[in-house]
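Architecture and fold: a report
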Amino acid sequence: MALQVFTAVTGAGWESELVGALDRDAHGVTVVRRCVDVAELLAAAATGTGQAALLSAELRRLDGEAVARLHAAGVAVVGLVEPGDELAAQRLRQLGVSSVLPADADPDAIAAALREAVAGVPDSGRDVADPRAALPVPAEPDVPPAQPTGRGRVVAVWGPTGAPGRTTVAVGLADEAARLEVGTLLVDADVYGGVVAQVLGLLDESPGLAGAARLAGTGTLDSSALTRLAWAVRPGLRVLTGLARADRWPELRPGAVAAVLEEARRLAALTVVDCAFSVEDDEELSFDTAAPRRNGATLTVLEQADTVLCVTGADPVALQRCVRALDQLREVLPDVEPVLLVNQLRRGPVPGNPREEVAAALDRFTGRRPRFFLPADRRATDAALAAGRTLAEVAPGSALRAELRALAAEVAGVRTPATGRPRLLRNRRAG
């Protein structure tokens, strides 16, 4: 049976000749519709009458969301660019088009690329700007270290609702990693109320993550653009601020967020992402599966992250919320294995030894033992928040700061000798 194909290359001088060549029976391809713009292409894809789309880089209003919607409709995508136009080819790949050919390619090669693309099309509606499977963190004590060179790692800081201290952990982890001479990018991806900018005393009206997502959506995001959008807080630490208002969450499309993370890996050895709490797959609640998903950004970060730190408080209410959140995460993203981090550990909320009691409770109800414990230090965190600075700046001797530094060292794969410069752990170095 012939492969049913849509085309959207109107305006190119070679369009008519290409369509005629592809329609020949020998190629096994039938052009069922020639679309004039992105809107018509998406409408055609929704009818289910085509298996693949052939589009040009010059197609107006083509962005990552359009490519994601084509994939969601079960339509594979192959791109065509003018011969030698590497910038156009790179842009299409950033938009999620994995197969890109020059427009003067042999019709047999184009037909073959269409068939190969169809064979690899996912059968779900998830954004596929980066179809790489999430790398789960093993339940063992060791946490994979960040790579000091080459492709960087992504650490997602997530946790249940109820202010368990996700932002405090994310900011402290990123700041301490930078102080250990690991190039770090801190990203505020909380779609319900990100406050990284306020915590660090930064201008919250800067484009930040939303600006990066817009560039990613048009295929124009690169390391230079990401560097310009990120605040240089201190040597080795940049910050991509979050949404100034929570109602702007539709700007963080999952496919665009995935593209931002991919570019972040090229820019920094370690990317720390402060996530929202909710992992409800709200796509299931919508009659229109192409509608924006508020939790899509969070789910994308958790899927793409190399390490997911689940932050919980140390009181009974926080622990119960953590147990429920982990159950929900397991239902939505079964391949993601978070590392438990107990924050605000102190005497009082639980009887006996708080560390042992909390660890035993989490082990009993989740089957996981916490890997990290951070002590409560309200005086230090209040001082940092009031000054818009980090713990290392306002309370360098704080016990909480010391534990955050140890956390950063383990995640980043560095050690901190008592004297001298921090050194990379040789046996953990990538490459």
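Residues numbered from 1 in each chain as written. Predicted model: local features only at pLDDT ≥ 70, side-chain atom pairs only at ≥ 80, totals over all residues. Heavy atoms only, no water.

This part is about the pattern of salt bridges. In this structure the tally under the stated criterion is 18 salt bridges. One salt bridge connects Asp247 with Arg245, and the closest N-O pair in it is separated by 2.8 Å. By relative accessible area, which is 48% here, Asp247 ends up partly exposed. Looking at Arg245, the relative accessible area reads 52%, which means it is exposed. For Arg378, the salt bridge identified is with Asp382, shortest N-O distance 3.1 Å. Of this pair, Arg378 and Asp382 both sit in helix H14 (residues 378-387), 4 residues apart, which is roughly one turn of that helix. Accessibility expressed as a relative area gives 38% for Asp382, which makes it partly exposed. If you follow the salt bridges from partner to partner, you end up with Arg151, Glu262, Glu263 and Arg266 in one network. (Salt bridge = Lys/Arg side-chain N within 4 Å of Asp/Glu carboxyl O. Buried < 20%, exposed > 50% of the residue type's maximum accessible area, 1.4 Å probe, protein only. Helix = DSSP H or I, 4+ residues; strand = E, 2+ residues; numbered from the N terminus.)

The pairing of strands in a sheet comes from backbone hydrogen bonds and takes either a parallel or an antiparallel form. The strand order E8-E9-E7-E10-E6-E11-E12-E13 describes an open sheet built from 8 strands, whose pairing is mixed. Edge strands, defined here as strands with exactly one partner in the open sheet, are strand E8 (231-234) and strand E13 (372-375). Taken pair by pair, the neighbouring strands of this sheet meet at an average axis angle of 25 degrees, ignoring direction. Both strand E12 (residues 339-345) and E13 contribute to a ladder of 3 bridges, which runs parallel. Paired with Val342 across the strands is Phe373, a residue of E13. Seen against the sheet, helix H12 (residues 316-332) touches strand E6 (153-158), strand E11 (307-312) and E12 and runs at an angle of roughly 150 degrees to E11. (Pairing = 2+ DSSP bridges. Axes fitted to C-alpha atoms, helices over the stretch in contact; angles between N-to-C directions. Contact = heavy atoms within 4.5 Å.)

When we look at burial in helix H3 (residues 64-72), the residues that qualify are Gly64, Ala66, Val67, Ala68, Leu70 and His71. In this structure, the buried side of H3 is in contact with helix H2 (38-46), strand E3 (52-56), strand E4 (76-81) and helix H8 (208-217). Measuring from the backbone nitrogen of Glu65 back to the side-chain oxygen at the start of H3 gives 3.3 Å, which picks out Asp63 as the cap. (Polar contact = N/O pair within 3.5 Å; in protein donor to acceptor, adjacent residues only side chain to side chain.)

The strand order across the open sheet built from 5 strands is E2-E1-E3-E4-E5, with neighbouring strands paired in parallel fashion. With partners counted over all chains shown, the strands left at the sheet margins are strand E2 (29-34) and strand E5 (99-102), one partner each. Across the sheet, the mean angle from the axis of one strand to that of its neighbour is 30 degrees, orientation sign disregarded. The sheet strands contacting helix H4 (residues 86-94) are E3, E4 and E5, and the helix crosses E4 at an angle near 165 degrees.

Position of Asp306 relative to the elements: it lies in the loop between helix H11 (296-304) and E11. Its relative accessible area of 5% is what places Asp306 among the buried residues. Among the polar contacts made by the side chain of Asp306, one reaches the side chain of Arg265 at a distance of 2.7 Å.

To continue, consider H11. Burial analysis of H11 places 8 of its 9 residues in the buried class, the great majority of the element. Three or more residues of H11 are buried, namely Gly296, Ala297, Thr298, Leu299, Thr300, Val301, Leu302 and Gln304. Looking at the buried residues of H11, the elements they touch are E6, strand E7 (184-189), helix H10 (254-267), strand E10 (270-275), E11 and H12.

This brings us to the confidence of the model for the protein. Detail in the predicted coordinates should be disregarded across regions flagged by low pLDDT. Per-chain confidence: the protein averages 85 in pLDDT, with 85% of residues scoring 70 or above. Confidence over residues 122-141 falls short of pLDDT 50; this stretch has 43 contacts with residues more than four positions distant or in other chains. Of the regions scoring below 50 in pLDDT, residues 419-431 engages in 26 contacts with residues more than four places distant in sequence or in other chains. (pLDDT = per-residue confidence, 0-100.)

Grouped together as the largest cluster of nonpolar side chains are 55 residues, with contacts concentrated most on Trp158, Leu240 and Leu302. Counting residues per element, this core draws most heavily on H10, which supplies 6 residues. Judged by nonpolar contacts, the second largest core, of 40 residues, contains Val171, Leu237, Ala380 and Ala409. (Core = buried A, V, L, I, M, F, W, Y, C linked by side-chain atoms within 4.5 Å.)

A few words now on the packing of aromatic side chains. In total, this model carries 1 aromatic pair according to the counting rule given. Note on Tyr192 and Phe277: the rings are 5.0 Å apart at their centroids and 40 degrees apart in plane angle, and the pair reads as tilted. Of this pair, Tyr192 sits in the loop between E7 and helix H7 (196-199) while Phe277 sits in the loop between E10 and H11; the two residues are 85 residues apart in sequence, bridging distant segments of the chain. Classification of Tyr192 as partly exposed rests on a relative accessible area of 32%. The class of Phe277 is partly exposed, set by a relative accessible area of 29%. The cationic tip of Arg294 hangs over the ring face of Tyr192; the distance from NZ or CZ to the ring centre is 4.2 Å. Over the ring of Phe372 we find Arg371, and its NZ or CZ is 4.9 Å from the ring centre. (Phe/Tyr/Trp six-rings, centres within 6.5 Å; stacked < 30°, edge-to-face > 60°. Lys NZ or Arg CZ within 6 Å of the ring centre and 35° of its normal.)

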